[in-house]
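# Structural overview for review
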Amino acid sequence: MKKSNSKIWGGRFLAPTDEIMEEFNSSIQFDKILYIEDIEGSIAHSEMLSKQNIISKNEFNLIKSGLKQIKSEISNNKLNFSVKLEDIHMNIENRLIEIIGEAGKKLHTARSRNDQVATDVKLWLRKRIDQIELNLKSLQRTLIEKSETYYDLLMPGYTHLQVGQPVTFGHYLLAYVEMLGRDRGRLRDCRKRLNELPLGSAALAGTSYPIDRHFVAQKLDFTKPTENSMDSVSDRDFAIEFMSSSSLIAIHLSRLAEELVIWSSDRFNFVKLSESYTTGSSIMPQKRNPDAAELIRAKPGRIFGNLLSLMTVLKGLPMTYGKDMQEDKEPVFDTAKTIELCIINMEGMIKNLKPIPDKMMEALQKGFPTATDFADYLVSKLKMPFRDAHHLTGKIVLLAEKKEKTLDNLTIEEIKTIVPNADTTILDVLKIESSVSKRTSYGGTAPNNVLQAIKKAKETFLKD
Ligand code: ARG
């Protein structure tokens, strides 16, 4: 008997595919999550084929109802996927032919898996991007609400993880609202650029059938069809853009997570994390570990890895499609899932976060945080050049350190030993509250500014 290959594409083959190769070549294990998008795309494609009289109306109706049946079979876990059928596209097509017969064989007219897979991934990613943007917005809302509660709570602002100047907890939280706002903007940009339909580019060169790509684009809610068939099937920029936007989100979240880890540690004790987001130790009964925060701190490892892995796959890849491109899916899927989980868990932690004002104040006072205010006083009141003022202030700090006092506990006599013409108004300048309330420059930390900033952030980020 003559050898053959029973694959959908097996016509020109004499030998069957090696089982080891079959396993290696298949993507159904992970691309099955694209089934909804694959079916959506196929319905739009076949509707267009019928509108253009490439297939009959009756064939379209059969295809559509067959695809709907397959969708419910898959949702109910009733379809057994086969590795032999490689991927979700061929598993669905094969099942369609099983259900509706001859008409099913017409679905693949005027398209290829190359334009099909690019379309499916774009459709899938578009939904994920919309969801992630909503998650980010919700996290922003939670941060804004917290900052409203603590708009005037004093805490140390750090540079080099050394106490710098006093700020308010509300101001600090709003910093993350800004970061997440930029992240949302990047996701929206990415969505806008990806929203062009590849389907109808066929394998790489377009097709000789009289198709209507604009119709399909409109059906699937793309702004327009892609302009160049070769670019359409070889483009994965959108996946890279998504993963790089996600990398920045992961960076931002990991910084916040790291602060939660440090601040909830017993050395700092600035905040208390809810028990719902911490875990116990199996050996040390006293422990309450900030696991959620630590995981969010760690996830950039995966997310950057995913980005780098696809960049490496695409680098130097000749046009147009290469099987290499099947390697796009796992990193993209994993990134979407991971970043969503990070955002949701971060929101849970922030919602339940309790600052400990006394501890923040204690750390503040130890850090001489009003030293800059003292220098500013020398400049504005005593007309000293800033550099000289900076130097003299250093001496004041030394004095306080020697006397083991905070700056606002120094007496005017003590101050006068270094700045003879200082007057008692300086005593107020050295107070932490007065330092903060004077930081009224646009974007500054004064509680009144923070209230304004909260109002603006609500308008900018929480509307619609
Ligand atoms: N599973 C394939 C992928 O994800 C679908 C495209 C296959 N195209 C091909 N010419 N072999 O990339």
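My aim in this report is to walk through the structure given alongside it, one point at a time. (Residues numbered from 1 in each chain as written. Predicted model: local features only at pLDDT ≥ 70, side-chain atom pairs only at ≥ 80, totals over all residues. Heavy atoms only, no water.)

### Re the nonpolar core
Of all hydrophobic cores here, the largest spans 96 residues; its most connected members are Phe-169, Phe-242, Leu-253 and Met-346. Of the residues forming this core, the biggest block, 14 residues, is contributed by helix H10 (residues 237–264). One finds Leu-378, Leu-407, Ile-412 and Ile-415 within the second-largest nonpolar core, a separate group that totals 21 residues. (Core = buried A, V, L, I, M, F, W, Y, C linked by side-chain atoms within 4.5 Å. Buried < 20%, exposed > 50% of the residue type's maximum accessible area, 1.4 Å probe, protein only. Helix = DSSP H or I, 4+ residues; strand = E, 2+ residues; numbered from the N terminus.)

### Examining the environment of Ser-380
Within the secondary structure, Ser-380 sits in helix H15 (residues 371–380). Given a relative accessible area of 47%, Ser-380 falls into the partly exposed group. Along the sequence, Ser-380 and Asp-358 sit 22 residues apart, while their C-alpha atoms lie 32 Å from each other.

### As for the state of the cysteines
Here the structure, examined in full by the defined rule, presents zero disulfides. In this model Cys-190 remains outside any disulfide bridge; the closest cysteine sulfur is found in Cys-342, 18 Å from its own. Look at Cys-190 and you get buried, because its relative accessible area is 1%. Taking the relative accessible area as the measure of exposure, Cys-342 reaches 5% and is therefore buried. (Disulfide = S-S within 2.5 Å.)

### Remarks on the packing of H10 against helix H12 (residues 300–314)
It is at 9 Å that the axes of H10 and H12 come closest, and there the two elements cross at 160 degrees. By the angle class used here, H10 and H12 are roughly antiparallel. In terms of crossing hand, the pair formed by H10 and H12 is left-handed. Along its contact with H10, which presents Ala-239, Ile-240, Met-243, Ser-244, Ser-246, Ser-247, Ala-250, Ile-251 and Ser-254, the element H12 presents Pro-300, Ile-303, Phe-304, Asn-306, Leu-307, Leu-310, Met-311 and Leu-314. (Axes fitted to C-alpha atoms, helices over the stretch in contact; angles between N-to-C directions. Parallel < 35°, antiparallel > 145°, perpendicular 65-115°, else oblique. Left-handed = near helix turned anticlockwise from the far one by under 90°. Contact = heavy atoms within 4.5 Å.)

### A closer look at the pattern of salt bridges
In the structure shown here, the tally under the stated rule is 31 salt bridges. A salt bridge links Arg-95 to Glu-98, with the nearest nitrogen and oxygen atoms 2.7 Å apart. Of the two residues, Arg-95 and Glu-98 are both situated in helix H5 (residues 88–100); the distance of three residues between them amounts to about one turn of the helix. Note on Glu-98: relative accessible area 53%, which makes it exposed. The closest approach of N and O atoms between Lys-458 and Glu-148, which form a salt bridge, is 2.7 Å. Placement of Lys-458 in helix H20 (residues 447–462) and of Glu-148 in helix H6 (residues 113–149) is noted, with a sequence separation of 310 residues between them. A relative accessible area of 33% places Lys-458 in the partly exposed class. For Glu-148, a relative accessible area of 35% translates into the label partly exposed. Sharing partners across several salt bridges, the network here consists of Glu-86, Asp-87, Arg-113 and Lys-323. (Salt bridge = Lys/Arg side-chain N within 4 Å of Asp/Glu carboxyl O.)

The values are spatial; any link to function lies outside them.
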